[in-house]
Amino acid sequence: MKELVIIGGIVLGVLGLLPVIVSMFLRDVEAGTIRLVSWLQGSTITYRGPGKAKEIPLLTTATTISSKVLNVDLDITDQTADVDEQGFLQPIKVRVLASAIVSVGDSDAMIKTAANRFFAKPERDQVSTLIDLLSSSGRRVINLLTHDQLFSAKTAPRPPRPALPVVTGGRSPALQVAPDFGTEEDDDPLAIIIRKACSRELADLGLGFNSLNIKVVQSEVAEARRRQSAAEAQANADIVAAQQSRRAKEAQLEAERVISDRQRELEQTRASNAALIAQAEAKRQESMAVQRVAELDATLIAQAKAEAEKVKIDAQARAEAEAIRLRTVAEATAESIRQVTTAIREGGESYLRYRQVEMLPDIAPVLADALAKAKMVTIAGGGSGGAAESVMRNITSVIQTVLAAQLVTKGGLRSGAEDGQQS
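What counts, and where the lines are drawn
- In this numbering scheme, every chain counts its residues from 1 along its sequence in written order.
- Only residues with pLDDT of at least 70 are given local features in this predicted model, and only at 80 or more are side-chain atom pairs given and counted; all residues enter the totals for whole chains, interfaces and linings.
- Side-chain numbers here rest on the full set of heavy atoms in the structure, without hydrogens or water.
- Starting at the N terminus, helices and strands are each numbered in turn, a helix being any DSSP run of H or I of at least four residues and a strand any DSSP run of E of at least two.
- Relative accessibility thresholds used throughout: buried, under 20% of the residue-type maximum; exposed, over 50%; partly exposed, between the two (1.4 Å probe, protein chains only).
- In what follows, residue pairs with any heavy atoms lying within 4.5 Å of each other are defined as contacts.
- Calculation of accessible area relied on Shrake-Rupley with a 1.4 Å probe; when residues are assessed, cover is drawn exclusively from the protein chains displayed.
- Pairing between strands requires that DSSP locate at least two bridges from one strand to the other.
- Each axis is a line fitted through C-alpha atoms, taken for helices only over the stretch in contact, and angles between the N-to-C directions span 0 to 180 degrees.
- Take the residue count of a helix, subtract one, and multiply by 1.5 Å to get its expected span.
- By convention, a stacked pair of Phe, Tyr or Trp rings (six-membered ring in the case of Trp) has centres within 6.5 Å and planes under 30 degrees apart, an edge-to-face pair has planes over 60 apart, and any other such pair is tilted.
- Any Lys or Arg side-chain nitrogen located within 4 Å of an Asp or Glu carboxyl oxygen qualifies as a salt bridge.
- Each patch groups residues whose relative accessible area exceeds 30% and which form no salt bridge, using 9 Å between like charges and 5 Å between nonpolar side chains of Val, Leu, Ile, Met, Phe, Trp and Tyr.

A few words now on the overall build of the chain. Helix and strand counts for the chain come out as 9 helices and 10 strands. The 423 residues of the chain split such that 22% are buried. Nonlocal contacts in the chain, meaning residues at least 24 apart in sequence, comprise 66% of its contacts between residues at least 6 apart. Of the accessible surface of the chain, which amounts to about 28,800 Å², a share of 58% is contributed by carbon and sulfur atoms.

Written out as structure tokens, the structure reads:
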């Protein structure tokens, strides 16, 4: 029993110590790090995280470096290699702002070089070393180029990716590096030149370029040229705008002229149509006048015929009425005469004398006046009564006739006397 307990304790001890033993031989390698393990015989094994690294205490030596990229901002100011017309140096101050991203190389040799030459320094010195290296390379490029070459390189079309030669590290004869610039044809030409200029120095540190971005290239000459170009562009834009405005004005004037011509043609057409309409209206009025005259003539002729017919009918009616009246009056007169004649025949001389006696007050003045005005010469001879007697007989006959007429017409005595005087 005791042996079983001992054996169980040994087993438990072994199981408990096994993780400790394993942890002593296997070490975690985190992501973004590289573990370098060197053995006693001098060989070095590289472990890239995340993973495990095999280490044996007392037999191996290990170190960890970062595999993360390093971002460095560059502010490079230097002078170009410009010369004047006489061949004297006339450098132009240029400022280049860029940003570089570098990281440890992919090969084990570059990783070992970076661990020995770059990551062996403090972190602050690492950044300053990169800045100094890249800045010095950029200044060398600026000193080798003229201002125009620098800006033409900045704006030049991107050439196809060149075939780069194999770079051999100066300090390590076994170190042979072929830098991979990635999609070099898509980068800025000036960045490509700077990368080529400092690729050897980075390779000596075990580092390689991920990218180099030129943010801006500044110079007073370029700024002046930019302002001049902007002024020229503005002037050209103003000229173009003026030309466009002039063309627009000409087009507007042409359109207005065409509209005016169309309006004039329209007004002429309207006037012509108005004249034609007036002529048609005049002809219509003339035809209507002729029609009215014809209608009026027809109406007047009809009215004249009607009036003539009416007058004829009226004349005939009046003639017939007058004839009827005359016949009636004649018949009445004849009847009166017959009655007077009958009365005279029945009354005889006594009635006439009686009427003469009644009329003497009225007749005597009239007879006297008539005799006074009469110029009669009486020559009496024989047994006759002379002119006076003859006159009196005539007057008596007239009075009798007047009386008879009064009886017929119911007229007055003066009318009969006047008729007797006139006779």
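Now that the structure is up, let's keep going.
With respect to the helices and strands, threonine 46 occurs in strand E3 (residues 44-48). In this structure threonine 46 comes out as buried when scored by relative accessible area, which is 18%. In contact with threonine 46, not counting residues within four places along its chain, are Ile34, Arg35, Leu36, Asp108 and Ile111.

A separate point is the sheet that holds strand E6 (residues 70-79). Read from one edge of the open sheet, 3 strands run E6-E7-E10, paired in antiparallel fashion. In this open sheet, the two edge strands, each paired with only one partner strand, are E6 and strand E10 (207-219). Taking each pair of neighbouring strands and ignoring which way they run, the sheet shows an average axis angle of 20°. Each of E6, strand E7 (93-104) and E10 touches helix H3 (residues 123-144); the most contacted strand, E6, lies at about 35° to it.

Now for the sheet that holds strand E2 (residues 33-39). Strand order in the open sheet formed by 3 strands is E3-E2-E5, and the pairing between neighbours is antiparallel. Strand pairing shows two members of the sheet lacking a second neighbour, E3 and strand E5 (60-66), which therefore form its edges. This sheet shows a mean twist of 20° between the axes of neighbouring strands, independent of strand direction. Sheet topology places E2 next to E3; 5 bridges connect them, and they run antiparallel. Within the sheet, the bridge partner assigned to arginine 35 lies in E3 and is tyrosine 47. In this fold helix H2 (residues 108-117) packs onto E2, E3 and E5, with an angle of close to 95° to the strand it touches most, E3.

A word on H3. Between its first and last C-alpha atoms H3 spans 32 Å; for 22 residues at 1.5 Å apiece the expected length is 32 Å, and the two agree. Taken together, the buried residues of H3 touch E6, E7, helix H5 (189-204) and E10.

Right, let's get into the pairing of E7. In the sheet, E6 pairs with E7 via 10 bridges, with the strands oriented antiparallel. Counted as the bridge partner of aspartate 75 is leucine 97 from E7. Two elements, E7 and E10, share 11 bridges in a ladder whose sense is antiparallel. Bridged to valine 96 within E10 is valine 217.

Attention now moves to the packing of aromatic side chains. Enumeration according to the criterion identifies 1 aromatic pair in this entry. Taking the centre distance of 5.1 Å and the plane angle of 85° together, the rings of phenylalanine 118 and phenylalanine 119 count as edge-to-face. Residues phenylalanine 118 and phenylalanine 119 agree in their burial class; the two are buried.

One pass over the full model with this rule turns up 15 salt bridges. For the salt bridge of glutamate 55 with arginine 35, the shortest nitrogen-to-oxygen distance reads 2.6 Å. Taken together, the positions of glutamate 55 in the loop between strand E4 (51-54) and E5 and arginine 35 in strand E2 put the pair 20 residues apart, joining distant regions of the chain. Under the relative-accessibility criterion, glutamate 55 is labelled buried at 12%. Overall, the relative accessible area of 6% leaves arginine 35 in the buried class. Through salt bridges with shared partners, a single ionic network connects Glu254, Arg257, Asp261 and Arg264.

With that out of the way, let us pick up the environment of threonine 61. If you trace the backbone, threonine 61 turns up in strand E5. The sequence separation of threonine 61 and serine 38 amounts to 23 residues, and the corresponding C-alpha distance is 5.1 Å. Threonine 61 has contacts with Leu36, Val37 and Ser38, leaving out every residue within four places of it along the chain.

Another aspect to go through is a nonpolar patch on the surface. There is a patch of nonpolar side chains on the surface, built from Met1, Leu4, Val5, Ile7, Val11, Leu12 and Leu15 and spanning about 780 Å² of accessible area. Residue position: isoleucine 7 is located in helix H1 (residues 2-25). On the basis of relative accessibility, which here comes to 48%, the residue isoleucine 7 falls in the partly exposed class.

A cis geometry characterises the amide bond from glycine 49 onward to proline 50, with omega recorded as 0°. Relative to the helices and strands, proline 50 is located in the loop between E3 and E4.

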